[in-house]
Amino acid sequence: MFKDNVDCVSRPITYIPLHKNKSFIQNNILNFLPEEVVIMSSCNGLLCCRSCIHPIGDIYRRVRNREARELVIYICNPMTKEWIALKPEGCGVGDSIGLAFYPFGYSLNTRPIFKLVSIQQSKVDPHLYSFAVYSSQKGSWTTSKEVCHCRYQIYKNNKVFVGKMFNWLTQNHHILSFDVERELSKVIKLPGEASSSLILGCSEGYLHYVCVHGEDFSVWMLKDYSSSEWVLKYQVTLFDICQESYTDLTHCNVKRCLILAFHEDLLFMPMDRCLFSYNFRSRKLQQLCYISMLQYLILSNPTVIPCSISLTAAGVFKEDQSDENKSSEDPRDVSSLKISKRKRTC
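Residues numbered from 1 in each chain as written. Predicted model: local features only at pLDDT ≥ 70, side-chain atom pairs only at ≥ 80, totals over all residues. Heavy atoms only, no water.

> Even after reading the chapter, I still don't get the pairing of strand S3 (residues 73-77), so can you show me in this structure?
On a regular strand, each side chain points to the face opposite its neighbour's, so the side chains alternate between the two faces of the sheet. The element S3 is largely enclosed, with a buried count of 5 among its 5 residues. Every second residue of S3 is oriented toward a common face, with Ile73, Ile75 and Asn77 on one face and Tyr74 and Cys76 on the other, all of them buried. As paired strands, strand S2 (residues 46-51) and S3 are joined by 4 bridges and run antiparallel to one another. Bridge pairing in S3 links Leu47 to Cys76. Count of turn residues in the S3/strand S4 (residues 82-86) antiparallel hairpin: 4 residues, of which Lys81 carries a positive phi of about 60°. (Buried < 20%, exposed > 50% of the residue type's maximum accessible area, 1.4 Å probe, protein only. Helix = DSSP H or I, 4+ residues; strand = E, 2+ residues; numbered from the N terminus. Pairing = 2+ DSSP bridges.)

Encoded structure:
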């Protein structure tokens, strides 16, 4: 039985599209899916989500009077409102799932494909992690032979896919990386000193690590996986950010600053009752919205996933004519890969 993280169950999903002049909030971005979901990851315009599972015997399920359900994973395109649903079969799948989408294929295969990687901790030895891999090309799940020995707990809502590597942030100032093609793992030490406010991200095809120490914001880039070489890409202070943006945030308590996400040199963080983005390239700070406008308190360790709209993701899910006579079935009742297409609505 797949078990949810209790503090991730049934959280509202808020989408904030970024525009040059203004930003606004959408709370129904995934209302085309057949049920409430938890967002797992994003890659090249596609989202990976999973159903909200309430295992038998869980006190939260009993209080809310919900039945236990099996895990269903949804891969969807929020721009076209197309989606597919699948169940893990033949192997165990953990509650941290990453998506790798290749819109132009890879190797000799030029058709769009995606892969899913689930990491889970051993029940016998908490220092061992195993991986389950799904390939849309094969249409099946397999358990990787790779087993990673890592002494640190992973943060399930802080992972990023870069190139061919999945990366999970862990405790004790390390990351756990998994090569999705060669199915090899590695534990890599993070640079600098440990911080209580940190995040992983991707920019220009490289893995990035962002941390806050006092009033200093540091951005590190992993230059080479084999040698675990990091380089310091940016380092700015809160004073620099305020001065460059003509913004008075000097009264903010930066020691409690929670950085939420980093993508293509954009850092997202709440400060002074507002949600901001800071562009390290242009050195501009932009106010996105008031925190009070969000459905869920943003300071309660939310899962924040940057999603870039990509035309390469359009039309990836093709209508399966053989499933037309199954359209009345429960969309959760899938055994391998069932493709369902929904028209885009404005």
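Let us keep going from here.
> Looking at this structure, I do not really get the packing of aromatic side chains. What am I missing?
Aromatic ring pairs: the centre-centre distance and the angle between the two ring planes describe each pair. Scanning the model with the defined rule gives 12 aromatic pairs in all. Geometrically, the ring pair formed by Phe161 and Phe166 is tilted, given 4.7 Å between the ring centres and 45° between the ring planes. Side by side, Phe161 and Phe166 carry an identical accessibility label, which is buried. With a centroid separation of 5.1 Å and an interplanar angle of 20°, the aromatic rings of Tyr234 and Phe280 are classed as stacked. Separated by 46 residues along the polypeptide, Tyr234 in strand S16 (residues 229-237) and Phe280 in the loop between strand S19 (274-279) and strand S20 (284-290) bring together distant segments of the chain. One exposure class covers both Tyr234 and Phe280, and it is buried. (Phe/Tyr/Trp six-rings, centres within 6.5 Å; stacked < 30°, edge-to-face > 60°.)

> Please explain the sheet that holds strand S10 (residues 165-170) as it appears in this structure.
Hydrogen bonding along the main chain pairs the strands of a sheet, whether they run parallel or antiparallel. In space, the 4 strands of this open sheet follow the order S9-S10-S11-S12, with antiparallel pairing throughout. Edge strands, defined here as strands with exactly one partner in the open sheet, are strand S9 (154-162) and strand S12 (184-189). Sheet twist, expressed as the mean angle between neighbouring strand axes with direction ignored, is 25°. Here strand S11 (residues 174-179) runs beside S12; their pairing, made up of 6 bridges, is antiparallel. Each bridged residue has a counterpart across the sheet, and for Leu176 the counterpart in S12 is Val187. (Axes fitted to C-alpha atoms, helices over the stretch in contact; angles between N-to-C directions.)

> Would you explain the pairing of strand S1 (residues 37-43) in this entry?
In terms of burial, S1 is a largely internal element, 6 of the 7 residues being buried. Relative to S2, S1 runs antiparallel, the two being bridged by 6 bridges. Pairing of Cys43 across the sheet is with Leu46, part of S2. Between S1 and S2, which pair antiparallel and follow one another directly, the connecting turn spans 2 residues, one of which, Asn44, has a positive phi of 50°.

> So what exactly am I meant to see when it comes to the pattern of salt bridges here?
Side chains carrying opposite charge are able to pair once their charged atoms draw close together. This model, assessed by the stated rule, comprises 7 salt bridges. A salt bridge links Asp179 to Lys164; its shortest N-O distance comes to 3.5 Å. Highlighted residues: Asp179 in strand S11 and Lys164 in the loop between S9 and S10, separated in sequence by 15 residues. Judged by its relative accessible area of 1%, Asp179 is buried. (Salt bridge = Lys/Arg side-chain N within 4 Å of Asp/Glu carboxyl O.)

> Explanation requested: the sheet that holds strand S8 (residues 140-149) in the structure shown.
Pairing within the open sheet is antiparallel, and its 4 strands lie in the order S5-S6-S7-S8. Two strands lie at the open edges of the sheet, namely strand S5 (96-102) and S8, each paired on one side alone. Adjacent strand axes in the sheet meet at a mean angle of 20°, parallel and antiparallel pairs treated alike. Bridge count between strand S7 (residues 128-135) and S8: 7 bridges; the pairing is antiparallel. Of the residues in S8, the one forming a bridge with Ser135 is Ser140.

> It is not clear to me how the nonpolar core should be interpreted in this structure. Could you clarify?
Within soluble globular proteins, side chains that are nonpolar tend to cluster in buried spots. Counting 41 residues, the largest nonpolar core has Ile73, Ile75, Phe114, Leu116, Trp141, Trp168 and Leu176 as its most contacted members. Sequence-distant contacts of Ile75, defined by excluding residues within four places in its chain, comprise Leu46, Leu47, Cys48, Glu82, Trp83, Ile84, Leu86, Leu99, Phe114, Leu116 and Phe317. (Core = buried A, V, L, I, M, F, W, Y, C linked by side-chain atoms within 4.5 Å. Contact = heavy atoms within 4.5 Å.)

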